[in-house]
Amino acid sequence: MEPPLVVGVDGSEPSLRAVNWAADEAALRGLPLRLVHASLWERYEGTSLAEDLGKPSEEVMAEDVVETAARRAHRRRPGVEVTTDVLPEEPEYALVRESRTAAAVVLGSRGRSGLTEAVLGSVSATVAGHAHCPVIVLRENHDDRVRSATGRVVLGVGARQKDAAAVRFAVEEARLRGVPLEAVRAWRRPAHGAPHHAVPSGGPVASPEERAAGELADAVRDVPSGTASRRRTVEGPADRALIDASADAALLVIGARRREGRHGPALGRVAHAVLHHAGCPVAVVPL
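The structure displayed is predicted, hence computed values, not measured ones.

**So, the overall build of the protein**
- Counting its regular elements, the protein contains nine helices and 14 strands.
- Put simply, the protein shows about 14300 Å² of open surface, and 50% of that area lies on carbon and sulfur atoms.

Set out below in structure tokens:
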């Protein structure tokens, strides 16, 4: 049996838009869709779903959340197999466990600005930092349709990393959509007076841009020849380069090598920034 696409649903509009996106993605991949509502509370706390159901919020139960999401998925893609589950536990733990047997986990996240961004999207960030499969996060301003004829898939390539899993994921997403793949590698000028590095062969000294181009070419050398692709190096911070590239993309794919923190694995600065600010859905692929 094919592993499902898992969607975390909480009854909010962002999570229902994530259902739309995941239904399109499941149809593209030929995968089943699994809708999961995890909460320690039996009743739904919120107004948007209650208004949709025509019930007082105190009468909306967890089953209403997943049933509404399932109806949305069926309307969107009638041919996709949909299952639902209600789990009485914290959503972060439930979704990380679900990721062990999922093709990917899809989450919607609310957008805010200012100081609240420090704690923004805690479920999305926690799941992306611990999941065993790719995690795709949609923010409120993202298109909830998996575009098949426009846009492109952008792949962020890091420095001196083995990004094979992220490259494979990005290549497949571009193939399914029939769009080009663009691999982006950021580079920075050294501080004044800092030496350039020699290339491994002992040849002439390479500039930072040349090293970035070489790392980029190495990262994508196994991309199938039939895949329409381009490579681009960008001077500046990696997070800004990827956020700018995401503005007119269908999907941004990044590989995430988790760093250990006080509370276990966590995403790095670049991954955290693009999850907050990217102009399109972001797929975080564990490395």
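**Points about the pattern of salt bridges**
- What the rule picks out here adds up to 22 salt bridges.
- Among the ionic pairs, Glu173 bridges to Arg29, the shortest N-O distance being 2.7 Å. Here Arg29 lies in helix α1 (residues 13-29) and Glu173 lies in helix α6 (residues 164-177), a separation of 144 residues in the sequence.
- The buried category is assigned to Glu173, whose relative accessible area is 0%.
- Accessibility expressed as a relative area gives 23% for Arg29, which makes it partly exposed.
- Notably, a salt bridge pairs Glu215 with Arg185, separated by 2.6 Å at the nearest N-O pair. Taken together, the residues span a long stretch of sequence, with Glu215 in helix α7 (residues 208-219) and Arg185 in strand β7 (residues 181-187) at a distance of 30 residues.
- You can call Glu215 partly exposed: its relative accessible area is 22%.
- For Arg185, a relative accessible area of 11% puts it in the buried group.
- Each of Arg17, Asp24, Arg76, Arg77 and Asp144 takes part in a single network of salt bridges with overlapping partners.

**Side note on the pairing of strand β11 (residues 251-256)**
- Burial within β11 is extensive, with five of its six residues counted as buried.
- Relative to β11, strand β6 (residues 153-156) is paired through four bridges, and the arrangement is parallel. Residue pairing in the sheet places Leu155 in a bridge with Val253 of β11.
- Across five bridges, β11 lies against strand β14 (residues 282-286) in parallel orientation. The residue bridging Ile254 from the neighbouring strand is Val284, located in β14.

**Some points on the packing of α1 against α6**
- Interhelical geometry of α1 versus α6 gives an angle of 85° and a closest axis separation of 10 Å. As judged from the angle between their axes, α1 and α6 are roughly perpendicular. Touching Trp21, Glu25, Leu28 and Arg29 of α1 are Phe169, Glu173, Leu176 and Arg177, all from α6.
- A per-class count over the contact of α1 with α6 returns four nonpolar, no polar and four charged.

Cut-off values and rules
- Positions within a chain are numbered from 1, following the residues in the order the chain's sequence is written.
- Per-residue local features are limited, in this predicted model, to residues with pLDDT of at least 70; the limit for side-chain atom pairs, both in listing and counting, is 80 or more; totals at the level of whole chains, interfaces and linings are taken over all residues.
- Side-chain measures here rest on the full set of heavy atoms in the structure, leaving out hydrogens and waters.
- Secondary structure is summarised from DSSP: a helix means a run of H or I of at least four residues, a strand means a run of E of at least two, and numbering begins at the N terminus for each.
- Calculation of accessible area relied on Shrake-Rupley with a 1.4 Å probe; when residues are assessed, cover is drawn exclusively from the protein chains displayed.
- Between Lys or Arg on one side and Asp or Glu on the other, a salt bridge is scored when a side-chain nitrogen of the former is within 4 Å of a carboxyl oxygen of the latter.
- Residue burial is assigned from relative accessible area. The probe radius is 1.4 Å, only protein chains are included, and a residue is buried under 20% of its type maximum, exposed over 50%, and partly exposed in between.
- The criterion for strand pairing is that DSSP finds at least two bridges linking the strands in question.
- To define axes, lines are fitted to C-alpha atoms, for helices over the stretch in contact only, and angles between the resulting N-to-C directions are given on a 0 to 180 degree scale.
- Here the angle decides the label: under 35 degrees means roughly parallel, over 145 means roughly antiparallel, 65 to 115 means roughly perpendicular, and every other value means oblique.
- We call two residues in contact whenever any of their non-hydrogen atoms come within 4.5 Å of each other.
- Under the scheme applied here, ten amino acids are nonpolar (Ala, Val, Leu, Ile, Met, Phe, Trp, Tyr, Cys and Pro), four are charged (Asp, Glu, Lys and Arg), and all others, including Gly, are polar.

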